[in-house]
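These are the residues of each chain, in order.
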Amino acid sequence: MFVSVVCEISNDDHKIAVKHLLMEYGFKQVFEILYESTTIMAKELSRLKRDIDRRTDAFDSVRIYQYPLDDVLVITTLRDKRWRRIIVKQ
């Protein structure tokens, strides 16, 4: 599964914490706010979402793009400390 994470973090301490967290999970930094992985599994991704939630606040925004997940694109967004999921079908 291909997973891309886009982080718009307002606090420098949170930004560093999330960056280190993503590196621990095996993500590669592509741009300053973009990380990608092709090796992460669904269970690890669930844990990653909880860990990101613990390291961010209401001013931070994180988007996770997953493909393929049951042959669809799944976009999960953390905004205002709430996770939302969008499923894009062909």
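Structure shown above.
Criteria and cut-off values
Residues numbered from 1 in each chain as written. Predicted model: local features only at pLDDT ≥ 70, side-chain atom pairs only at ≥ 80, totals over all residues. Heavy atoms only, no water. Helix = DSSP H or I, 4+ residues; strand = E, 2+ residues; numbered from the N terminus. Expected span 1.5 Å × (residues − 1). Buried < 20%, exposed > 50% of the residue type's maximum accessible area, 1.4 Å probe, protein only. Contact = heavy atoms within 4.5 Å. Lys, Arg positive; Asp, Glu negative; His and termini not counted. Salt bridge = Lys/Arg side-chain N within 4 Å of Asp/Glu carboxyl O. Arc of directions from axis to C-beta. Polar contact = N/O pair within 3.5 Å; in protein donor to acceptor, adjacent residues only side chain to side chain.

Colleague: Can you walk me through helix α2 (residues 42–55) in this structure?
Modeller: Every α-helix carries 3.6 residues per turn, so stepping three or four residues along brings you back to the same face. For α2, built from 14 residues, the straight-helix expectation of 20 Å at 1.5 Å per residue is met to within 8% by its first-to-last C-alpha distance of 20 Å. Among the residues making up α2, those that are buried are Leu-45, Leu-48, Lys-49, Asp-51 and Ile-52. For α2, the elements touching its buried residues are β1 (2–8), α1 (12–24), β4 (61–69), β5 (72–79) and β6 (82–88).

Colleague: What am I meant to see in the side chain of Lys-49 here?
Modeller: Of note, Lys-49 is situated in helix α2. For the buried residue Lys-49, which engages in no salt bridge, the nearest side chain bearing the opposite charge is Asp-53, 12 Å off. Here Lys-49 is in contact with Ile-64, Gln-66, Thr-76 and Trp-83, once residues within four sequence places are set aside.

Colleague: Honestly, α1 in this entry has me stumped. Any pointers?
Modeller: Over its 13 residues, α1 runs 18 Å from end to end, which matches the ideal 18 Å to within 8%, given 1.5 Å per residue. Among the residues making up α1, those that are buried are His-14, Val-18, Leu-21 and Leu-22. Looking straight down α1, one finds its buried side chains confined to an arc of 95°; they lie on one side. Exposed side chains of α1 directed beyond 90 degrees from the buried face belong to Asp-12, Asp-13 and Glu-24. Looking at the buried positions of α1, the neighbouring elements they touch are β1, β3 (34–37) and α2. Remark: Gly-26 follows α1 within two positions and exhibits a positive phi of approximately 90°.

Colleague: Looking at this structure, I do not really get the environment of Thr-56. What am I missing?
Modeller: With respect to the helices and strands, Thr-56 occurs in the loop between α2 and β4. Relative accessible area serves as the criterion here: at 7%, Thr-56 is assigned to the buried category. Spatially, the C-alpha atom of Thr-56 lies 7.7 Å from that of Ile-9, the residues being 47 residues apart in sequence. Looking at Thr-56, its side chain comes within polar contact range of the main-chain oxygen of Ile-52, at 3.0 Å.

Purely spatial values, then, with no claim about function.
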